[in-house]
Amino acid sequence: MQPPLDGARTMEALDAALRSTAADEFEIAVLARSGEYTRFAGQVIHQPQDIVEVQYLVRALVNGHPYRVATSTAADLDRAVAAAATGARIRAELSKEAGQVRLAVIDAAATAAGTGTGTGADVGAGSPPSRPVAADPAKPQAPYWYRDTEAYDVAARSALAKEAMATALAAGGEAAGMFGRAVTQQLVATSAGIRRQIAATEASGALTVTIDDGTAHWVDLSRSAGRLDVAGSVARAVNQARAGRGRVELPAGRYPVVLGAEAVGELLGFLPDVGFTGTLAAAGIGITAQAGQLLAAPLVNVADDAGADVGLPIGFDIEGVTKRRVDFFRHGLVGAAVTDLATAAALGRPSTGHAHIAREQVPEPTAPNIVMPAGPGTEDELIAQLEHGVYLQRFWYTRLVDRITGTITGVTRDACFLIESGRLTTPLNGLRFTESVLGVLAGVEAIGADVRSQPIPNVWNGAISAPSVRVAAFRLGAAPIEPAA
Amino acid sequence: MAPTNAHLWGDLADDEAAAALLGSAMSTIDSRVEYGDARLVEAEELRLYHQLDRDPDERLEKSVGIGVRVLVDGSWGFAAAPLSDAAVPAAIAERAIAVARAGVGAGPRVVFPPRPAASGRYQTEVGQDPFAVTTAERDALLAQAIEAAAASRGVSSVTAGVNAKRQHRHFASTEGSLQHQHLIETGGGLTAIAASEREVQRRSYPNSFHGNTGGSGWEFVLGLDLVGNGARVGEEAVALLSAPMAPAGVNDLVIGAQQVSLQIHESSGHALELDRILGDERNFAGTSFIQASDVGTLRYGSPAVSITSDPTVAGTRGSFGWDDEGTPARRAGLIEEGIFRRTLSNRDSAARSGLEITGAARADGWAYLPVCFSTHVFLEPGAGSLAELLDRLGDGYYIEDNRSWSIDNRRLNFQFGTEVAYEVRRGRKGRLLRNFSYGGITPQFWNSVEAVAGPEEFQTFGYPCGKGEPKQWGFLSHGAAPLLARAIRTGVA
C-alpha cells in the first residue's frame with residue numbers, strides 16, 4: 001500500500017514549477033488518492049475496483065486577480081502553470097482595479113503554536129514510514145498513517161465480503177455493501193514558501209442486510225482499519241435485520257427518540273447549511289449572527305476538528321492554511337463559521353483553513369471533519385432510558401427546507417423500532433419526516449458513547465463523526481404544516 | 001464525419017493515437033479474460049462564477065486517464081489511473097486482472113453474453129466553440145446578469161456562472177468494438193438570494209440545480225437570456241420574502257417544466273434503473289418499488305404519461321453515440337401510455353434479468369465503472385399551451401423551479417418544494433406564494449396526471465447526478481412540458 005505519488009519527487013516538481021515568473025504569485029495544491037474497493041451484493045463481489053486519481057490544482061495571481069488550472073499528470077504541470085498565469089494576466093488586464101484575492105502567507109508564530117500556515121518544516125509529515133517502526137498496527141506510524149489499514153487488503157476485504165454474504169444468507173437474507181481502503185495525499189506549495197504535505201490511510205465499511213422486509217445498515221470509516229470492527233458490525237446488522245421483520249406503520253406524531261449514530265451524523269451534516277460557513281456568514285445569513293446564544297442543549301458540543309482522532313482529519317487546506325478547530329456549538333452556545341482566505345478577509349478574520357472546491361460548484365469553505373464527541377452511555381443505555389419512544393437508525397435523502405429554522409425533510413430507513421419499557425420492540429416502516437435540526441439539538445437529553453463516522457458526499461476527505469443521542473421529541477410523518485396567519 | 005475545430009484540442013483528438021493506447025490495454029488482456037473493455041478519456045472543463053461583491057472565480061480542469069474492466073473466471077475486476085505515460089494502459093490492464101482474480105469464487109460465475117462488435121465515431125455538433133469565447137465576453141455576460149439580479153432592493157447574494165466541458169471518449173472491447181466520441185457541453189445559470197431577519201428566499205434560473213447544461217456550444221448560453229431572467233428572479237426573490245405562505249391541503253396543480261424534469265429524475269429515472277431494481281445498489285442508492293417482473297403489466301401512470309429514453313436526440317446532456325460499455329444509443333419507451341415497458345439497463349443487468357438492453361451504462365470519465373444511469377429521459381409532450389393547461393386546471397396552483405427534494409430509497413414516497421407558486425383562479429395566475437411543497441407516492445402521482453402540455457412548452461434540462469460506491473457522477477438530461485395533476489397533497493413542509 002503506497003501513496004499514489006512519490007512525495008519528495010512531487011514536491012521537487014512543485015518547486016520547479018513555482019520558479020515561473022509569469023505571474024505575481026502561485027499556489028499549487030495536489031490532491032491524490034489511491035482507492036481499493038470491494039463492492040458486493042447478493043452472493044457476488046460485483047464491483048471490485050482499484051482507482052487512482054490525481055489533481056494538480058494551480059492558482060496564479062496577477063495584481064490580486066486569480067485563475068485556476070488543474071491537470072491530472074505531472075508531465076502537464078508546466079503547461080498548467082503557464083495557462084494559469086495567462087488566465088490571471090488576462091483577468092488583471094480586464095479589470096481597472098487591483099483584485100481582492102490574496103494567497104496564504106507564512107505565519108511562523110502561528111505555525112509554532114500549531115494554528116497558522118505552515119512552512120517547509122512539516123514537509124514529509126504523514127508520509128508512510130520507510131521501514132516497519134511499531135509493533136502495534138493500531139497505532140499510527142506517522143500522523144494519519146496506520147499499518148492496520150495496510151493489512152486491510154483485497155484478500156482481507158474479499159474474505160470479509162464473502163463472510164458477510166454467507167452470514168446473511170444463513171439468516172435467510174442478503175447482504176450488500178462495500179469494504180474499502182485508500183491512501184490520500186495532499187500537498188500544497190506556494191511561491192510565498194509554504195510547503196505542506198501529508199499522506200494518510202483510510203479504511204471504510206458499509207453494509208445493508210435484508211431479511212424479508214427487515215433491513216439494517218452499518219457504515220464507518222477511519223484512518224485505521226482496526227477501528228472498524230467489520231465482523232462485529234456484520235453480526236449486529238444481521239441480528240437487527242432479523243428483528244426488523246414484520247414492520248408496521250407508525251402513526252404520525254411527535255415521539256421521544258433515540259437517534260442512531262448514523263442518523264445523528266446526517267443531521268449534523270446540515271450545520272454548514274444553516275450558517276456555519278464563511279460564505280453565509282459574510283452574506284449575513286444564518287445562525288452565526290446569534291453567536292454566543294444558547295440554541296442547543298448545554299450538553300451539545302459540535303466542531304469541525306482536524307485535530308480529532310476520528311473521521312478523516314487532514315491538518316491543512318488546499319490554500320496551505322493550517323486548520324483551526326471551529327466550534328459550531330460549545331455547551332450549546334452558537335459558535336463560529338469555517339472560512340477560507342476569501343471569506344475570512346470579508347469577515348475581517350484569519351482563515352480557519354477550510355478552503356474547498358467541490359465539483360461543479362463555486363469554491364467555498366467547507367467543514368470536512370465534523371465531530372460530536374461521545375457521551376458516557378451506550379446506545380442500549382439510551383434506549384433503556386425511554387419508557388415509550390422510537391429508535392431511528394438512519395435517515396435518507398434529507399434536504400434543507402428552511403435555512404433560518406434549520407428545517408429539513410427526509411425519510412427514515414432500515415432498522416427503526418418502537419421503544420417500549422426501555423427495549424426495542426415492534427419494527428417500523430420507513431416514514432417521512434420534516435423536522436428542524438436546530439430543534440433536535442435543542443432537545444438532546446443524553447449522548448451515547450458509540451461514535452461512528454460517515455462520508456460527506458462531494459467533499460474531499462469529508463467525514464462526520466457522531467454518537468447516538470436521545471432527544472425529547474421528534475416529529476415523524478408528513479403532517480401538513482399550518483398556513484401562516 | 002469530419003471533426004470541427006471545436007474538437008481539435010488536447011492529446012486524444014486523434015482517433016488513431018487513442019486506438020494505439022487502447023490497443024496496448026487490449027493486447028494485455030486479450031487472451032486472458034472472458035471479456036474486457038477499456039475507456040480512455042480526456043476531459044477539460046471550464047467553470048466561471050461571478051458573485052455579488054466578489055472577484056470572479058474561473059477554473060479550467062483537465063483530466064486524462066484510462067479505466068479497464070475485465071471478466072476473469074466469472075469475476076469482474078476494474079482498475080483506473082491517470083494517463084501519465086504510454087505504459088499506463090498495460091499496467092492498468094494487469095491491475096484489473098489482479099482485482100478480478102481476488103474475487104473469484106465469491107459467488108456464482110457472472111454470465112456475460114457476447115455480442116457483435118460495433119465501431120465508429122460520434123461528435124457533438126457545435127455552433128460556437130465555448131472554449132473560444134473570450135474571457136471578456138464571458139465576464140461581461142455574467143457581470144450584467146449579476147447587476148440585473150441585484151438591482152432589486154433586498155437581494156443579498158447573487159451567483160451567476162457559465163460552464164463548458166469537452167471530452168474525447170475512446171472505447172475498445174475484446175469483442176472488437178472501437179468507438180470514438182468527441183463531446184462538448186455548455187451551460188449556465190444564476191441564483192439570487194433575498195434575506196430578511198426571519199426569512200431567506202432563493203430564486204434560480206434556468207434550473208435551481210446547477211443551472212442548465214446542454215450538449216451544445218456557446219449558443220446554448222446565449223439562448224438562456226441570463227440578463228433578462230436575472231432581473232426577473234431578483235425581483236421574485238424579494239417578493240417572496242413578503243408573499244403569503246402556500247396552503248396545506250389537497251389541491252390540483254399545474255407543475256412547470258423544470259419541476260417536472262426533477263420529478264422524472266427522482267421518481268422515474270432512478271426507479272427504472274435495472275441494477276437498482278436487481279438490488280446491486282441497495283446499500284447506498286437503494287432499490288426500486290418496481291420489479292423486473294412488472295414489465296408490461298404495471299400501471300405506472302395515467303394514459304397521459306409516456307416516458308422515453310432517447311440519447312439519439314441531439315443537443316442534450318444525455319446525448320451520445322454509444323453508452324459507456326459500447327451499446328449503440330437507441331430510443332426506448334420506458335413508460336408507454338402509463339404502462340411500464342422497459343428499464344434503463346446495461347448488459348450485465350439485462351443478462352441477469354432476461355430484459356432487453358436499453359443502453360444506459362454510464363460512467364463518470366475514465367475513473368469509474370459504468371452503472372445504470374438515465375440518458376436523455378423525457379416525458380412525451382401532449383397538446384396545448386401552458387395557458388390552455390391553466391385554463392383546464394380552473395382553480396389550483398401553478399408551481400415552478402425546485403426548492404428542495406427528497407424521496408425514499410425505493411423511489412416511492414416523495415416530497416418536493418418549489419421556489420415559486422402562484423394561486424390560479426378560473427385559469428388565471430394570481431398571488432405569488434412562498435414555501436410551496438407537495439408530496440405523494442410515485443405511481444399515485446403519475447396516475448393523477450390528467451394532461452401534459454404540448455411540444456411548444458417542452459424544455460430540456462441537463463443534470464448532474466450521483467450514484468454508486470465509491471460515489472460517481474452521472475451527467476444526463478430530462479425533458480418535459482408542464483403537466484396538470486389532480487388531488488395532490490400540498491403544504492407538507
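Residues numbered from 1 in each chain as written. Chains lettered and ligands numbered in written order. Predicted model: local features only at pLDDT ≥ 70, side-chain atom pairs only at ≥ 80, totals over all residues. Heavy atoms only, no water.

## Brief notes about the nonpolar core
Item 1. If you look at the biggest cluster of nonpolar residues, it comprises 76 residues, and the most contacted ones within it are Leu14 and Ile28 of chain A together with Ile66, Val68, Val70 and Leu226 of chain B.
Item 2. Apart from the residues within four sequence positions on either side, Leu14 of chain A is in contact with Ile28, Val30, Tyr56, Leu77, Leu187 and Ala189 of chain A. (Core = buried A, V, L, I, M, F, W, Y, C linked by side-chain atoms within 4.5 Å. Buried < 20%, exposed > 50% of the residue type's maximum accessible area, 1.4 Å probe, protein only. Contact = heavy atoms within 4.5 Å.)

## Here we look at the confidence of the model for chain A
Residue and element names in this part refer to chain A.
Item 1. Summary statistics for chain A give a mean pLDDT of 91 and a share of 91% for residues scoring 70 or more.
Item 2. A low-confidence stretch, residues 112–127 stays under pLDDT 50, and its non-local contacts, those more than four residues away or across chains, total 49 contacts.
Item 3. Across residues 480–485 the pLDDT falls below 50, and counting only partners more than four positions away or on other chains, this stretch makes nine contacts in the model. (pLDDT = per-residue confidence, 0-100.)

## So, the environment of Pro206 of chain B
Residues and elements named next belong to chain B.
Item 1. The residue Pro206 is located in the loop between strand E7 (200–205) and strand E8 (212–214) in this model.
Item 2. Counting along the chain gives 195 residues from Pro206 to Asp401, while the straight-line C-alpha distance between them is 8.2 Å.
Item 3. Excluding anything up to four places from it in sequence, Pro206 contacts Gly188, Gly189, Gly211, Asn212, Leu224, Gln258, Asp401 and Phe461. (Helix = DSSP H or I, 4+ residues; strand = E, 2+ residues; numbered from the N terminus.)

## Quick notes on the pairing of strand E17 (residues 432–436) of chain A
Item 1. Most of E17 of chain A is tucked away: five of the five residues are buried.
Item 2. Residues of E17 of chain A alternate between two faces, with Arg432, Thr434 and Ser436 of chain A on one and Phe433 and Glu435 of chain A on the opposite face, all of them buried.

## Looking at the interface of chain B and chain A
Item 1. Facing 92 residues of chain B, the contacting portion of chain A comprises 79 residues.
Item 2. Interface area for chain B against chain A, summed over the two sides, is near 7100 Å², with a carbon-plus-sulfur share of 52%.
Item 3. For chain B, the biggest contributors to the area lost against chain A are Asp55, Arg282 and Asn283 of chain B; these three give 10% of the whole.
Item 4. Joining chain B to chain A, the criterion identifies ten salt bridges.
Item 5. Residues Asp57 of chain B and Arg68 of chain A are paired through a salt bridge, measuring 2.8 Å at the closest nitrogen-oxygen approach.
Item 6. It is strand E2 (residues 57–72) of chain B that contributes the most residues to the side of chain B that touches chain A, eight residues altogether.
Item 7. Pairing of strand E2 (residues 44–62) of chain A with strand E3 (residues 75–82) of chain B, which is carried by three bridges, proceeds in the parallel orientation. Bridging from a neighbouring strand, Gln49 of chain A pairs with Phe78 of chain B of E3 of chain B. (Buried area = accessible area lost by both parts, 1.4 Å probe. Salt bridge = Lys/Arg side-chain N within 4 Å of Asp/Glu carboxyl O. Pairing = 2+ DSSP bridges.)

## So, the confidence of the model for chain B
Item 1. Summary statistics for chain B give a mean pLDDT of 96 and a share of 99% for residues scoring 70 or more.
Item 2. The ipTM value of the predicted complex is 0.94, and its pTM value is 0.94.

## Remarks on the sheet that holds strand E10 (residues 307–309) of chain B
All names here are of chain B.
Item 1. Strands sit in the order E12-E11-E10-E15-E22-E21 across an open sheet of six strands; the sheet is mixed. Lying at the two open borders of the sheet, with one neighbouring strand each, are strand E12 (339–340) and strand E21 (459–467).
Item 2. Note: E10 against strand E11 (residues 332–336), three bridges, orientation antiparallel. Bridging from a neighbouring strand, Ile307 pairs with Ile335 of E11.

## Digging into the pattern of salt bridges
All names here are of chain B.
Item 1. Enumeration over the complete set of coordinates arrives at 67 salt bridges over all chains.
Item 2. A salt bridge links Glu450 to Arg486; the nearest nitrogen and oxygen atoms lie 2.8 Å apart. Of this pair, Glu450 sits in strand E20 (residues 449–452) while Arg486 sits in strand E23 (residues 483–490); the two residues are 36 residues apart in sequence, bridging distant segments of the chain.
Item 3. Taking relative accessible area as the criterion, Glu450 reaches 31% and is therefore assigned partly exposed.

## Considering the sheet that holds strand E20 (residues 463–466) of chain A
As a general point, the strands of a sheet are linked pairwise by backbone hydrogen bonds and lie either parallel or antiparallel.
All names here are of chain A.
Item 1. Here we have six strands laid out as an open sheet, ordered E12-E11-E10-E13-E20-E19, and mixed in their pairing. Looking at the sheet topology across the chains shown, the edges are occupied by strand E12 (333–334) and strand E19 (452–455).
Item 2. Examined bridge by bridge, strand E10 (residues 302–304) and strand E11 (residues 326–330) share three bridges and lie antiparallel to one another. Bridge pairing links Asp304 to Val326 in E11.

## Side note on the state of the cysteines
Item 1. Tallied over the entire structure, the rule returns zero disulfides over all chains.
Item 2. No disulfide involves Cys465 of chain B; its nearest neighbouring cysteine sulfur is the one of Cys372 of chain B, lying 12 Å away. (Disulfide = S-S within 2.5 Å.)

## Focus on the pairing of strand E19 (residues 436–441) of chain B
Residues and elements named next belong to chain B.
Item 1. Of all six residues in E19, five are buried; the element is thus mostly enclosed.
Item 2. As judged from the six bridges shared by strand E17 (residues 413–425) and E19, these two strands associate in the antiparallel manner. Bridging from a neighbouring strand, Phe416 pairs with Tyr438 of E19.
Item 3. The pairing of E19 with E23 spans two bridges and is antiparallel. When the bridges of E23 are listed, Tyr438 appears paired with Thr490.

## Concerning the packing of helix H3 (residues 135–150) of chain B against helix H5 (residues 226–241) of chain B
Residue and element names in this part refer to chain B.
Item 1. Viewed as axis vectors pointing N to C, H3 and H5 meet at an angle of 25 degrees, and their least axial separation amounts to 7 Å. With respect to each other, H3 and H5 are oriented roughly parallel. As for the relative orientation of H3 and H5, their crossing is right-handed in sense. On H5, the residues touching Leu141, Leu142, Gln144, Ala145, Ala148 and Ala149 of H3 are Leu226, Val227, Gly230, Ala231 and Gly234.
Item 2. Per-class residue counts for the contact of H3 with H5 are eight nonpolar, three polar and no charged. (Axes fitted to C-alpha atoms, helices over the stretch in contact; angles between N-to-C directions. Parallel < 35°, antiparallel > 145°, perpendicular 65-115°, else oblique. Left-handed = near helix turned anticlockwise from the far one by under 90°. Nonpolar A, V, L, I, M, F, W, Y, C, P; charged D, E, K, R; others polar.)

## A short note on the packing of aromatic side chains
Two aromatic rings, taken as a pair, are described by how far apart their centres are and by the angle between their planes.
All names here are of chain B.
Item 1. Tallied over the entire structure, the rule returns 24 aromatic pairs over all chains.
Item 2. Members of the aromatic cluster, each reached through a chain of ring pairs, are Phe289, Tyr300, Phe414, Phe416, Tyr438, Phe445 and Trp446.
Item 3. In this arrangement the basic side chain of Arg425 is found over the ring face of Tyr397, its NZ or CZ atom lying 5.7 Å from the centre.
Item 4. The aromatic ring of Tyr422 is capped on one face by Lys429, whose charged end is 4.4 Å from the ring centroid. (Phe/Tyr/Trp six-rings, centres within 6.5 Å; stacked < 30°, edge-to-face > 60°. Lys NZ or Arg CZ within 6 Å of the ring centre and 35° of its normal.)

## Describing unusual backbone geometry
Item 1. For the bond from Tyr205 of chain B to Pro206 of chain B, the omega torsion is -5 degrees, close enough to zero to count as cis.
Item 2. Residue Glu469 of chain B is joined to Pro470 of chain B through a cis peptide bond whose omega torsion reads -5 degrees.
Item 3. Looking at where Pro470 of chain B falls in the secondary structure, it is placed in the loop between E21 and strand E22 (472–480).
Item 4. One non-glycine residue, Asp414 of chain A, lies in positive phi territory at about 70 degrees.
Item 5. The topology assignment puts Asp414 of chain A in strand E15 (residues 407–420).

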